[in-house]
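Observations on the model geometry
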Amino acid sequence: MSNYKSQTAIANARDFDTSFTAEYDTNQTNTTVITPTTGTKLAVKGVYVGTEASTGYLRLEFGTSGNTVSTVFANDQPGYVEVDIKGAVNEVLRMDSAFGADNNFYLLVNYRQE
């Protein structure tokens with residue numbers, strides 16, 4: 001059996017239908033970012049974090065399992081990062097940040113519910 005994936009299969013794996021965006025001006029601790037509709041699971045397809053900070057980090061993780069979706073460090077911002085990570089049914093996406101009280105940041109999460 002071949003490991004070859006068609007262009008359509010590759011494109012569909014990165015497909016999303018919803019974007020979450022928000023701006024923050026304080027650190028966040030165990031903050032729920034996205035709650036899936038009951039009976040569905042989140043499939044995170046991409047993450048972007050932009051900040052004015054020069055130190056600190058932001059971590060996105062699933063709430064029940066604690067599985068990390070993305071960690072972004074202020075001194076090494078990679079831009080938009082494509083991911084393909086799924087949570088469990090009814091598992092929320094949460095965020096922790098430690099950029100400092102005066103360092104604003106912007107968060108974008110592209111996802112779909114399955």
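Anyway, here's the lowdown on the structure attached to this text. (Residues numbered from 1 in each chain as written. Predicted model: local features only at pLDDT ≥ 70, side-chain atom pairs only at ≥ 80, totals over all residues. Heavy atoms only, no water.)

This part takes up the overall build of the protein. Looking only at helices and strands, the protein has one helix and eight strands in total. N-terminal to C-terminal, the α/β element order of the protein is α-β-β-β-β-β-β-β-β. With 114 residues in all, the protein has 37% of them scored as buried. By sequence separation, contacts in the protein at least 24 residues apart represent 82% of the contacts at least 6 residues apart. Total accessible area on the protein stands at roughly 6,500 Å², and carbon and sulfur atoms take up 45% of it. (Helix = DSSP H or I, 4+ residues; strand = E, 2+ residues; numbered from the N terminus. Buried < 20%, exposed > 50% of the residue type's maximum accessible area, 1.4 Å probe, protein only. Contact = heavy atoms within 4.5 Å. Areas by Shrake-Rupley, 256 points an atom, 1.4 Å probe, with all protein chains shown as cover.)

Another aspect to go through is the environment of Y106. In this structure, Y106 sits in strand 8 (residues 105-113). For Y106, a relative accessible area of 30% corresponds to the partly exposed category. Setting aside anything within four residues of it in sequence, one finds Y106 in contact with T21, A22, E23, Y48, V49 and G50.

One non-glycine residue, N30, lies in positive phi territory at about 55°. Its location among the elements puts N30 in the loop between strand 1 (18-24) and strand 2 (31-34). Despite not being glycine, N90 shows a phi value in the positive range, around 70°. With respect to the helices, strands and loops of the structure, N90 is situated in the loop between strand 6 (81-86) and strand 7 (93-97). A relative accessible area of 42% places N90 in the partly exposed class.

Turning to the sheet that holds strand 3 (residues 42-51), a few remarks are in order. Within the open sheet, the four strands sit side by side as 1-8-3-6. Their pairing is antiparallel. The sheet terminates laterally at strand 1 and strand 6, the two strands that pair on one side only. Here the strands of the sheet are splayed against their neighbours by 20° on average, with no regard to which way each runs. Two elements, strand 3 and strand 8, share nine bridges in a ladder whose sense is antiparallel. Paired with A43 across the bridge in strand 8 is R112. (Pairing = 2+ DSSP bridges. Axes fitted to C-alpha atoms, helices over the stretch in contact; angles between N-to-C directions.)

Time to look at the environment of E82. The topology assignment puts E82 in strand 6. In this structure, the C-alpha to C-alpha distance between E82 and N110, residues 28 residues apart in sequence, is 9.0 Å.

Now for the pattern of salt bridges. Under the counting rule described, the total for this entry stands at three salt bridges. For the salt bridge of R112 with E114, the shortest nitrogen-to-oxygen distance reads 2.9 Å. Accessibility expressed as a relative area gives 18% for R112, which makes it buried. Residues participating in the shared-partner salt-bridge network are K86, R112 and E114. (Salt bridge = Lys/Arg side-chain N within 4 Å of Asp/Glu carboxyl O.)

Attention shifts here to the nonpolar core. Note that soluble globular proteins tend to have their nonpolar side chains buried in a common cluster. Ranked by internal contacts, the top residues of the largest apolar core, which has 24 residues, are F20, L60, L93, L107 and V109. Residues contacting L107, with those up to four places away along its chain left out, are F20, T21, A22, Y24, V33, V47, Y48, V49, L60 and M95. (Core = buried A, V, L, I, M, F, W, Y, C linked by side-chain atoms within 4.5 Å.)

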